[in-house]
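# Chains, contacts and geometry: an overview
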Amino acid sequence: DRISPIVVKEIRQMVRGREFTYSFGLSLIAGLLVAFFGLADALTSVGQSGPKVFSALMVCLGLLGIGVVPMGAFSALRNERADQTLDLITQTALSPRSIVVGKLLTQWIKLLMLFAGLAPFITISFLLGGIDLQTILISLAILFMWSMWVCAMCLFLSSASQSRALSVAVFIGLGIAVLYILTSAGRVVIMMMFGGPVGGSPFGTTELGWALVATTAFCFVSMANLVLLAENRLSLPIEDRSTALRVGFFFQY
């Protein structure tokens, strides 16, 4: 309750809904299947099954983190408008920023629970050999970070689209973009896992390290911009909606 009443309300609705139950259950089934085939493959190829299992699990996590959960973030404000409860929430003592951050924190908690559900199967990929712990941790951190960014983007698009027709068009566009991103990400993960030497970490070079620092900074800065823009869309016309954006963009410039 001290974090945000919106988080408490949204999590209660989440655990009672079917979307989280189906996504969590299907992720566990996918993890079991990947672990089973990985262990079966380990009987014939010692030390080579770890990258295969980890690549398959990363694709499953990418489907959840970049596809399923962001769609829930996009539907968060849209469902409030459909049920005509958004005006009631904005009339409470909660600020628009508290509403946006609460909705976003709920999706991040959902992401964390889904990642935790597949964590034991990722441990199996490390025990099978062929992949080091550094690669696993950095890859998971990058995927979780950009999943958070996609959730923030979907929440902003949900706040920006007022009409139902525009919301449907944005929803279809997001679905097409997610399919394209997941297809490209699956190829990149497979190339990353099988392109280098066995047991080596692809994140060991200095150039790639600086690239990760730059992309991480861009991710969190743009995420803050998306939160401020979503807050701007939910604020009343009589409220100050531009100071935070102006100050933020000034320092970024």
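In this text the structure is predicted, and so the values were computed from the model without any measurement.

This part covers a nonpolar patch on the surface. A cluster of nonpolar residues, Y22, L26, I29, L33, F36 and F37, forms a patch on the protein surface that exposes about 710 Å² of accessible area. For L26, a relative accessible area of 57% gives the class exposed.

Let us look at the side chain of D132. Of note, D132 is situated in the loop between α5 (96-128) and α6 (133-160). For the buried residue D132, which engages in no salt bridge, the nearest side chain bearing the opposite charge is K52, 17 Å off. Here the side chain of D132 touches T135 through a polar contact of 2.5 Å, side chain to side chain.

On to the packing of α5 against helix α8 (residues 206-234). Axes are the key here: two packed helices are described by the angle between their axes and the distance separating the axes. One way to put it is that α5 packs onto α8 with a least axis distance of 8 Å and a crossing angle of 130°. Of the possible angle classes, the one that applies to α5 and α8 is oblique. For the pair α5 and α8, the crossing hand works out as right-handed. Where α5 approaches α8, its residues P96, R97, I99, V100, V101, L104 and W108 are matched on the opposing element by M223, V227, L228, A230, E231 and L234. Of the residues that constitute the contact of α5 with α8, the class distribution is 11 nonpolar, no polar and 2 charged.

Topologically, S159 is positioned in helix α6. Residue S159 is classed as buried on the basis of its relative accessible area of 0%. S159 sits 71 residues away from A230 along the chain, and the two C-alpha atoms are 5.8 Å apart.

Within the element layout of this structure, I11 appears in helix α1 (residues 5-16). With relative accessibility at 24%, the residue I11 sits in the partly exposed group. Among all residues touching I11, those that are not within four sequence positions of it are T106 and I109.

The next point concerns the packing of aromatic side chains. Scanning all chains against the criterion turns up 5 aromatic pairs. With centroids separated by 5.4 Å and ring planes inclined at 80°, the aromatic side chains of F115 and F144 adopt a geometry described as edge-to-face. Of this pair, F115 sits in helix α5 while F144 sits in helix α6, placing them 29 residues apart in sequence. According to the relative accessible area criterion, F115 is buried, its value standing at 12%.

Procedures and definitions
Residues numbered from 1 in each chain as written. Predicted model: local features only at pLDDT ≥ 70, side-chain atom pairs only at ≥ 80, totals over all residues. Heavy atoms only, no water. Patch = residues over 30% accessible without salt bridge, like charges linked within 9 Å, V, L, I, M, F, W, Y side chains within 5 Å. Areas by Shrake-Rupley, 256 points an atom, 1.4 Å probe, with all protein chains shown as cover. Salt bridge = Lys/Arg side-chain N within 4 Å of Asp/Glu carboxyl O. Buried < 20%, exposed > 50% of the residue type's maximum accessible area, 1.4 Å probe, protein only. Helix = DSSP H or I, 4+ residues; strand = E, 2+ residues; numbered from the N terminus. Lys, Arg positive; Asp, Glu negative; His and termini not counted. Polar contact = N/O pair within 3.5 Å; in protein donor to acceptor, adjacent residues only side chain to side chain. Axes fitted to C-alpha atoms, helices over the stretch in contact; angles between N-to-C directions. Parallel < 35°, antiparallel > 145°, perpendicular 65-115°, else oblique. Left-handed = near helix turned anticlockwise from the far one by under 90°. Contact = heavy atoms within 4.5 Å. Nonpolar A, V, L, I, M, F, W, Y, C, P; charged D, E, K, R; others polar. Phe/Tyr/Trp six-rings, centres within 6.5 Å; stacked < 30°, edge-to-face > 60°.

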